[in-house]
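Chain and residue survey
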Amino acid sequence: MRILGIAAYYHDAAACLVVDGEIVAAAQEERFTRKKHDPGFPENAIAYCLTESKLRPADIDYIVFYDKPFLKFERLLETYLAFAPKGFQSFVTALPVWLKDKLFQKSVITNELRTLWGKDTDWESRLLFSEHHLSHAASAFFPSPFQRAAVLTMDGVGEWTTTSLAVGSGNELNVHKEIHFPHSLGLLYSALTYYTGFKVNSGEYKVMGLAPYGEPRYATLIKDHLIDIKDDGSFALNMSYFNYCTGLTMTNERFHSLFGGPPRQPESRLGQREMDLAASVQAVTEEVVLKLARGVAKSTGEKNLCLAGGVALNCVANGKLLRENIFDRIWLQPAAGDAGGAVGAALGAYHIMLNQPRKVTDGLDSMKGSYPRIPNLAGGTRQSD
Ligand SMILES: [Fe+2]
């Protein structure tokens, strides 16, 4: 059974080829195009996967896309209706893109495959769709070295889900709990990323890197006004400070006056204030991650934890989590962001949709080190370090 997972059209496009449940090749499109976070159809990554596996396009049994476009459209529409007429500006901006491309993703992807691989094969009948957070959860659990584990996914937003808790066992993955848009730990972090003058969905790692230079002076302000955190780590954002449901920016005037001024202009000089803001959102994020993990350990009784989703790229929070010893063992999907969705889409289709068994070698994950194999001058390949 040969399954190609694809992530595309948002950010970090990627492809992954799974043969009989084994990851044979996986790559992110940006590595070929040199465009950071390249969101386009990952034709180079797909070509790489085929070359690496020595398969022809017609050998692929299923192509699985990492999220469900109709569910995303439903979120867009319902968000607009919930905030109407406030969100009209962002709705009319987004609508043409949705009508043109995203809503018709099945035909868009089929056309891409026809262009790439020819029209002789009925690609549409081989096309499947996975839910965004299921793709993340599958990417976290199925390649892990665990027979069973609690699986926590945290990111900005997929279709509706922003945080999910599942339990994985053998080839099964059962979702126990979800937190839905607009309440999102990833979007809170992105809001502070925007406010401190960095690019959303890209500069979050800079905020994390800036945090140790500051003091978490604003953490109480964030917890008093922006986010209500429960003991089990579940949370709700106070949307009256954010603009991402109704406008084209992350934060609004109320947010700006809460923190005493407008967002920092990108590329302008960084000051202590930005460092303190970074330290504050980092501290709040760590608090939520630790509380979520403790809540998950308590509610599931599981000894192992798997993590994925953009927030799981926060290695500082992950380090704290590891040192807290809440779980015996923790495994993180190395491509925890949307690129890893291609891995999860393919593995999820194999184990869940097609109900195929899963082999686990205790102590060893099945990511094969996640190292790229790059061509050398002699024409062979070598393992990159
Ligand atoms: Fe995601």
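Here, every reference points to the structure presented above.
Residues numbered from 1 in each chain as written. Predicted model: local features only at pLDDT ≥ 70, side-chain atom pairs only at ≥ 80, totals over all residues. Heavy atoms only, no water.

In the segment running from Phe 181 into Pro 182, the intervening peptide bond is cis, with an omega of 10 degrees. With a phi angle near 60 degrees, Arg 34 is a residue other than glycine that sits in the positive phi range. Mapping Arg 34 onto the fold places it in the loop between helix H1 (30–33) and helix H2 (43–53). Here the phi dihedral of Lys 368 falls at roughly 55 degrees; this positive angle occurs in a residue that is not glycine. Residue classification places Lys 368 among the partly exposed positions, given a relative accessible area of 48%. (Helix = DSSP H or I, 4+ residues; strand = E, 2+ residues; numbered from the N terminus. Buried < 20%, exposed > 50% of the residue type's maximum accessible area, 1.4 Å probe, protein only.)

Those donors, His 132 (NE2), His 136 (NE2), Asp 155 (OD) and Asp 338 (OD), are the protein atoms that reach the iron ion, and they lie 2.0 to 2.3 Å from it. One can describe the site at the iron ion as irregular: its 4 donor atoms subtend angles covering 91 to 158 degrees at the metal. Summarised as a motif, the one-chain spacing of the donors to the iron ion is H-x3-H-x18-D-x182-D. Linking His 136 in helix H6 (residues 132–141) with Asp 338 in the loop between strand S12 (329–332) and helix H13 (340–353), this pair joins segments that are 202 residues apart in sequence. Taking the relative accessible area as the measure of exposure, Asp 338 reaches 4% and is therefore buried. (Donors = N, O, S within 2.8 Å, 3.2 Å for Na, K, Ca; no water. Tetrahedral: all angles 85-135°; square planar, octahedral: opposite > 155°, others 65-115°.)

Spatially, the 5 strands line up as an open sheet ordered S8-S7-S6-S11-S12, and their pairing is mixed. Both outer strands of the open sheet, strand S8 (172–180) and S12, are each paired with one neighbouring strand and no more. Between one strand axis and the next, the sheet turns by 20 degrees as a mean value, whatever way the strands run. (Pairing = 2+ DSSP bridges. Axes fitted to C-alpha atoms, helices over the stretch in contact; angles between N-to-C directions.)

Compared with the 18 Å implied by 1.5 Å per residue over 13 residues, the 18 Å span of helix H5 (residues 105–117) between its first and last C-alpha is a close match. Buried within H5 are the following residues: Gln 105, Val 108, Ile 109, Thr 110, Leu 113 and Trp 117. A positive backbone phi angle near 95 degrees is found at Gly 118, which sits one or two residues after H5. (Expected span 1.5 Å × (residues − 1).)

With 58 residues, the main nonpolar core has Leu 188, Leu 226, Ile 227, Phe 242, Tyr 244 and Phe 259 as its most contacted residues. Leu 4, Phe 41, Ala 137 and Cys 306 belong to the second largest nonpolar core, which has 54 residues in total. (Core = buried A, V, L, I, M, F, W, Y, C linked by side-chain atoms within 4.5 Å.)

Now for the pairing of strand S6 (residues 148–154). The element S6 is largely enclosed, with a buried count of 6 among its 7 residues. In the sheet, S6 pairs with strand S7 (residues 161–169) via 7 bridges, with the strands oriented antiparallel. Residue pairing across strands places Thr 153 opposite Ser 164, the latter belonging to S7. In sequence, S6 turns back onto S7 through a hairpin of 6 residues. Across 4 bridges, S6 lies against strand S11 (residues 304–308) in parallel orientation. Across the sheet, the residue bridging to Leu 152 is Leu 307, located in S11.

To continue, consider the environment of Ile 179. Tracing the backbone through its elements, the reader meets Ile 179 in strand S8. Residue classification places Ile 179 among the buried positions, given a relative accessible area of 13%. Sequence separation of Ile 179 and Ser 164 is 15 residues, and the distance between their C-alpha atoms is 6.4 Å. Setting aside residues no more than four positions away along its own chain, Ile 179 makes contact with Trp 160, Thr 161, Thr 162, Thr 163, Ser 234 and Phe 235. (Contact = heavy atoms within 4.5 Å.)

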